[in-house]
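The residues making up each chain are set out below.
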Amino acid sequence: MTVALMWEARAADGRGGELLAWAREQRLPRPPVRRETFRAPQDRVLVITWWDADFDADLPELPEPDGDLATRAVHRWRFEAVDGD
């Protein structure tokens, strides 16, 4: 089974580049099958990691950003892959 973990944060005003750099520097204790990093308007940063694991497996996740780099707590979601049409 393939599981995807989504991590999304919104940077403090004017600190989007800093948050993006911070997220890209974060290393996980073990590497995922795949990892992608995205940015969006309003200084949002999204990281998706893919794992060959069960949905409820204990998987490493990116932490909360340091100090006042983000405007709110990180949003996290877990998805499982399904066959598409």
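This text follows the structure it describes.
Below is a short write-up of the structure.

What counts and how
- Residues numbered from 1 in each chain as written.
- Predicted model: local features only at pLDDT ≥ 70, side-chain atom pairs only at ≥ 80, totals over all residues.
- Heavy atoms only, no water.
- Helix = DSSP H or I, 4+ residues; strand = E, 2+ residues; numbered from the N terminus.
- Buried < 20%, exposed > 50% of the residue type's maximum accessible area, 1.4 Å probe, protein only.
- Contact = heavy atoms within 4.5 Å.
- Pairing = 2+ DSSP bridges.
- Axes fitted to C-alpha atoms, helices over the stretch in contact; angles between N-to-C directions.
- Salt bridge = Lys/Arg side-chain N within 4 Å of Asp/Glu carboxyl O.
- Arc of directions from axis to C-beta.

### Concerning the overall build of the chain
Thought 1: A tally of helices and strands in the chain yields one helix and four strands.
Thought 2: With respect to the principal axes defined by its C-alpha atoms, the chain has extents near 40 × 30 × 20 Å.
Thought 3: Out of the 85 residues in the chain, the part that is buried amounts to 34%.
Thought 4: Here the contacts in the chain between residues at least 6 apart in sequence split such that 66% fall between residues at least 24 apart.

### A few points about the sheet that holds strand S3 (residues 44-52)
Thought 1: In spatial order, the strands read S2-S3-S1-S4; together these four strands make up an open sheet with antiparallel pairing. Two strands in the sheet have a free side with no partner beyond their single neighbour: strand S2 (34-40) and strand S4 (75-80). Each adjacent strand pair in this sheet contributes to an overall mean axis angle of 15°, direction not counted.
Thought 2: In this sheet, S3 lies alongside S2 in antiparallel orientation, the contact comprising seven bridges.

### Details of the pattern of salt bridges
Thought 1: Counting across every chain of the model gives eight salt bridges.
Thought 2: A salt bridge links Arg76 to Glu64, with the shortest nitrogen-to-oxygen separation between them at 3.2 Å. Separated by 12 residues along the polypeptide, Arg76 in strand S4 and Glu64 in the loop between S3 and S4 bring together distant segments of the chain.
Thought 3: Within this structure, Glu61, Glu64, Arg76 and Arg78 form a network of salt bridges that share partners.

### What to know about helix H1 (residues 16-25)
Thought 1: For H1, the complete set of buried residues consists of Gly16, Leu19, Leu20, Trp22 and Ala23. Looking down the long axis of H1, one finds its buried residues gathered within 165° of arc, a one-sided arrangement. Every exposed residue of H1 that faces more than 90 degrees away from the buried side is listed here: Gly17, Arg24 and Glu25.
Thought 2: Buried positions along H1 lie against strand S1 (2-10), S2 and S3.

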